[in-house]
Amino acid sequence: MEEMSAELRPARIGMIPHLRFSTRHVLLILSTAPAFVILFLVGLILWVGLVRDVNSGIFSTGVTLDHYRALWADPLLYRALFNTAQFALIAMAVAFGMGVPLAWLAERSNLPGKGIIYVLMVSGLLLPGVFIAMGWVFLFHPEIGIINMAFKNLLGLDHSLVNIVSVPGMGIIQGLNLVPVVFITLGPSYRAMNPAVEEAARVHGLSLLGTLRRISLPLLLPSLLGAFLYVITIAIAAFDIPAIIGLSNRILTFSTFVYISANPREGLPNYGLVGAISSVMIVFALLSCWMYVSVLKRSYKYAVVTGQGYSSRLVKLRSKTVVGVWLLIGLYFLFTIVMPLLVLVWASVMRWFQPPSLSALKLASLANLHDVDWSMVLAGAKNSAVLMLVVPTLVLVFGGAIAWIVVRSRFQGKVVLDFSAFVPHAVPHIIFAFSILVAALFLLQKILPIYGKLAILIIVYTLAWLAFGTRVLSSSLVQLHKELEEVGRVSGIPGRVILWKILLPLLRPAILSSWLWMALLTFREFTMAAMLATTRGNITLPIVIWSYWSGGQSGRASAVALIGFLILVPMVAAYWIAGRRFAVLGATRA
Amino acid sequence: MIEIRGVSKIFNVGTRQVQPLRNVTLEVREGEFFVLLGPSGSGKSTLLRCVSGLEEPDEGEISLDGRVVFSKSKRIALDPADRGIGMVFQSYAIWPHLSVLDNVTLPLIRGKRRMPRRLAVEKGREVLKLVQMDALMDRPASLLSGGQQQRVAVARALSIEPKVLLMDEPLSNLDARLREEVREEIKNLTRQIGITVLYITHDQIEAMALASRIAVLANGEVKQVSLPREVYKKPASHEVATLLGTMNWLSGRVIRDGLVETPIGEVRIGTQGLGNDDEILLGIRLEHLCVASSAAAGENEFPAEVISQTFLGDQIWYHLRVGPTRMVWKTFHDIDLPKTVYARLPKEKILVFAGR
């Protein structure tokens, strides 16, 4: 009977063959739905840049190029773009200047204590930029910064030593903040490079410099270029540091310009102008995205060079060099993690911020903790918790479907899927937030009222992390031989059982570590929340801090930041423990 | 048992079209050990995947055990699971997160059969015993050696009691010595159960050792279907002959019936009925050459110079220069040859093909 019905079933002239009707359709919906929303949100921005007046009607007021003309006329924007370029370039210089040699030292030298560098780097990556930026303000603000004041008193200067409330100042901080990103992206390519190719050059008579120039550099170039394009998108789109340090002093970059244009202190938001500048940004983003992908393709071609069975020979460092290197690393972490956190502790016990001293210590109290609006903090903590549970799960479901189709199927549209999943990485997150804000206010208000709801954050976070989730899953799926699934199909095991019993257990390390990673990213997310978290229903912990900070209550902001930090520590620890446990099973890293 | 009629397959690789299968028609009889032999890229894997249902042909019809499992015109495409097949993959595809026994029982419990666990374990033990893996039943599959994984893969394929066993180069991942051993095991096991096997390989020795019949595939087309001996002794084309082992080649032109002009001189052949001035290709297997240190004044004898020799243990290859061409003589006797020797091409051993 069963065989009869199977025989009568019409041929599946399908694009994704061999899956039962339902599984196939579920997969298609799960993968195309987010891709569609992403493309729709990008399209919406392009449209908003053309509509005469969004406030009076998104479809009814006609199309104009006025906003694009206004781009040239707006001095504030002009300034902001110039600042962004300067900010990003300085950040890149700092990030690569430190990240490249650090990655080399950790991968290719015999530097002792490398494990600690990894721990510190990943911790640096996870520590919310908001916390660090606040810490830096307390340390280096020209008027209130502790270190600046100490030097003023010590040396009798009439001006401050370092001024971080400036574009170069913010750029340097952003750069220091991006060092871990450079480190993490470059590490694997150093590791993957077979030292034999360098040795072969040396044996055949090339000098050390010649080897470096003609062999090592060309081999590393694709990954260096890839890392460059990857990091510069982050630098251009950076929001937390420009917001915490620059916004109150009217030093604007692209992201903060979008933020204040969408949330003006008075009057109606100028959606058209933001739409126009965002469109320009999207074009640039897609261009760099295209470059990134083509560079990545080249680096894969080189990756074949790595053979099996070689152990990276480590360059021996002299003990003096080791001491020097560790001194630098120590200073780096002192200034980027330890001191900002310590000064936050100090600020949280001070009613009004003042430099540490014995007399000030007598004023220390828990008043800030007492004065904090606890119902708001709890609401923020609850929302953050819900987001951390829901968002990574959704990303894995959608990203898993996309990854499977891209890696395993011959679906004609998979290139589009792959591309759309990559878009959220290239396009600044604040643009996505802006787009969904416009959609919520002008398109969905009746059908799907998500404005001011937690749902709007769930949607935009899920889309934003989709690029990461898809890539982690597809890179581990590629490593799983497809015959492992095929043998299941031949033996008659239904698709969902193959998923639960074979695919998921085998992908577990990747799923677990990426889930935890995205949960942590969700916890520290600030950019999109700043645009969209407008009510108690969807405020997140970083936004509670932000609202105190921008309201001038730095003590309370610091107190809440410390609470956030205390929540973060056990989570990072869990991430490390999970990472170590599953690394034994051959965890697949992104 | 397996009928493949007019099966074609086209892939789009970027803007290029690749056609791994061109109008393939084959029939495998019940209980046969049928080997598809072809070089890589010949389409043999694609054909096997079309039979299994993992791939859909673009044209044609496939029947298994008298039942149409795929037909383009009738719009039939059965799921792999509904075709009554077992399959052994090239990578073995042993699920590394499960034990040996679970690898075998998962298809029984969660597959079409929906066997109760108790019965599945019994069945699993039975097939594992068949491949002598019952002692390692509870071992995690990730701890198995290559040969052991191979056995588990065979056990898993047999556990669902398939009508047809498909094997995709199952020996290619084993080292040379183990390969011979497992080859004999597969031969004995399948004969013992009497199952129909469709087996693909690029290794002509493997093919000849296992097959009851061989189909030679090249460029997506079936070039010859025959008994192993026939394929070796009477290859249908120059291409097939090359696939079945290295040969000495001579191009030539027919002078008259039975006499061919070649670069090394005039060669007599046994083949009749060739037209004068036909361009032809003569082939002779390495071991069919006769080499002696003195001339015997026989037919097709040519003076040759020994250039070098390759010692392979059980056999020796002598590289000869015969006139303007090079030839290889394969012998099993370690003998000392003088610099100049005489090579004879026995008429009855010369294979004749149309020239290129």
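Parameters at a glance
Residues numbered from 1 in each chain as written. Chains lettered and ligands numbered in written order. Predicted model: local features only at pLDDT ≥ 70, side-chain atom pairs only at ≥ 80, totals over all residues. Heavy atoms only, no water. Helix = DSSP H or I, 4+ residues; strand = E, 2+ residues; numbered from the N terminus. Buried < 20%, exposed > 50% of the residue type's maximum accessible area, 1.4 Å probe, protein only. Areas by Shrake-Rupley, 256 points an atom, 1.4 Å probe, with all protein chains shown as cover. Patch = residues over 30% accessible without salt bridge, like charges linked within 9 Å, V, L, I, M, F, W, Y side chains within 5 Å. Salt bridge = Lys/Arg side-chain N within 4 Å of Asp/Glu carboxyl O. Lys, Arg positive; Asp, Glu negative; His and termini not counted. Charge placed at Lys NZ, Arg CZ, Asp CG, Glu CD. Polar contact = N/O pair within 3.5 Å; in protein donor to acceptor, adjacent residues only side chain to side chain. Axes fitted to C-alpha atoms, helices over the stretch in contact; angles between N-to-C directions. Parallel < 35°, antiparallel > 145°, perpendicular 65-115°, else oblique. Left-handed = near helix turned anticlockwise from the far one by under 90°. Contact = heavy atoms within 4.5 Å. Nonpolar A, V, L, I, M, F, W, Y, C, P; charged D, E, K, R; others polar. Buried area = accessible area lost by both parts, 1.4 Å probe.

Under an unreviewed UniProt entry, the name given to chain B is ABC transporter ATP-binding protein, and the organism recorded is Tectimicrobiota bacterium.

Undergrad: Just to check I follow, could you spell out the overall build of chain A for this structure?
TA: Counting secondary structure elements, chain A contains 25 helices and zero strands. Every one of the 590 residues in chain A was classed for burial, and the buried ones make up 53%. Roughly 27,000 Å² of accessible area belongs to chain A as shown, and the carbon and sulfur atoms make up 69% of that amount.

Undergrad: Looking at this structure, I do not really get a positive patch on the surface. What am I missing?
TA: A cluster of basic residues, Arg229(B), Lys233(B), Lys234(B) and Lys349(B), forms a positive patch at the surface. Within the element layout of this structure, Lys349(B) appears in the loop between strand S20 (340-344) and strand S21 (351-354).

Undergrad: Where do I start with the side chain of Glu107(A) in this structure?
TA: Along the chain, Glu107(A) turns up in helix H4 (residues 75-108). A polar atom in the side chain of Glu107(A) sits 2.2 Å from the side chain of Tyr118(A).

Undergrad: Looking at this structure, I do not really get the packing of helix H18 (residues 414-426) of chain A against helix H20 (residues 454-479) of chain A. What am I missing?
TA: Describing two packed helices takes the angle between their axes plus the distance from one axis to the other. All names here are of chain A. The N-to-C vectors of H18 and H20 enclose an angle of 120°; their axes lie 7 Å apart at closest approach. One element, H18, and the other, H20, form an angle in the oblique class. Relative to H20, H18 is oriented so that their crossing is left-handed. Contacts between H18 and H20 involve Ala421, Phe422, Pro424 and His425 from the first element and Leu463, Ala464, Leu466, Ala467, Thr470 and Arg471 from the second. Considering only residue class, the contact of H18 with H20 consists of seven nonpolar, two polar and one charged.

Undergrad: Honestly, the interface of chain A and chain B in this entry has me stumped. Any pointers?
TA: In this complex, chain A contributes 32 residues to the contact, which on the side of chain B involves 38 residues. When chain A packs against chain B, close to 3,100 Å² is buried across both sides, 55% of that on carbon and sulfur atoms. Where chain A packs against chain B, one counts one salt bridge. The residue Glu486(A) makes a salt bridge to Arg49(B) at a minimum N-O spacing of 2.6 Å. Where chain A touches chain B, the interface holds four residue pairs in polar contact (both at pLDDT 80 or more). Going through the elements one at a time, helix H1 (2-8), helix H21 (483-490) and helix H22 (495-524) of chain A are the ones with two or more residues in the side of chain A that touches chain B. Counting residues per element, the side of chain A that touches chain B draws most heavily on H21(A), which supplies seven residues. Its residues assigned to classes, the side of chain A that touches chain B shows 14 nonpolar, five polar and 13 charged.

Undergrad: Can you help me understand the environment of Gly452(A) in this one?
TA: All names here are of chain A. If you trace the backbone, Gly452 turns up in the loop between helix H19 (429-443) and H20. On the basis of relative accessibility, which here comes to 10%, the residue Gly452 falls in the buried class. Here the alpha-carbon distance between Gly452 and Arg191, two residues 261 residues apart in the chain, equals 46 Å. The residues contacting Gly452, other than those within four sequence positions of it, are Thr534, Thr535, Gly537 and Asn538.

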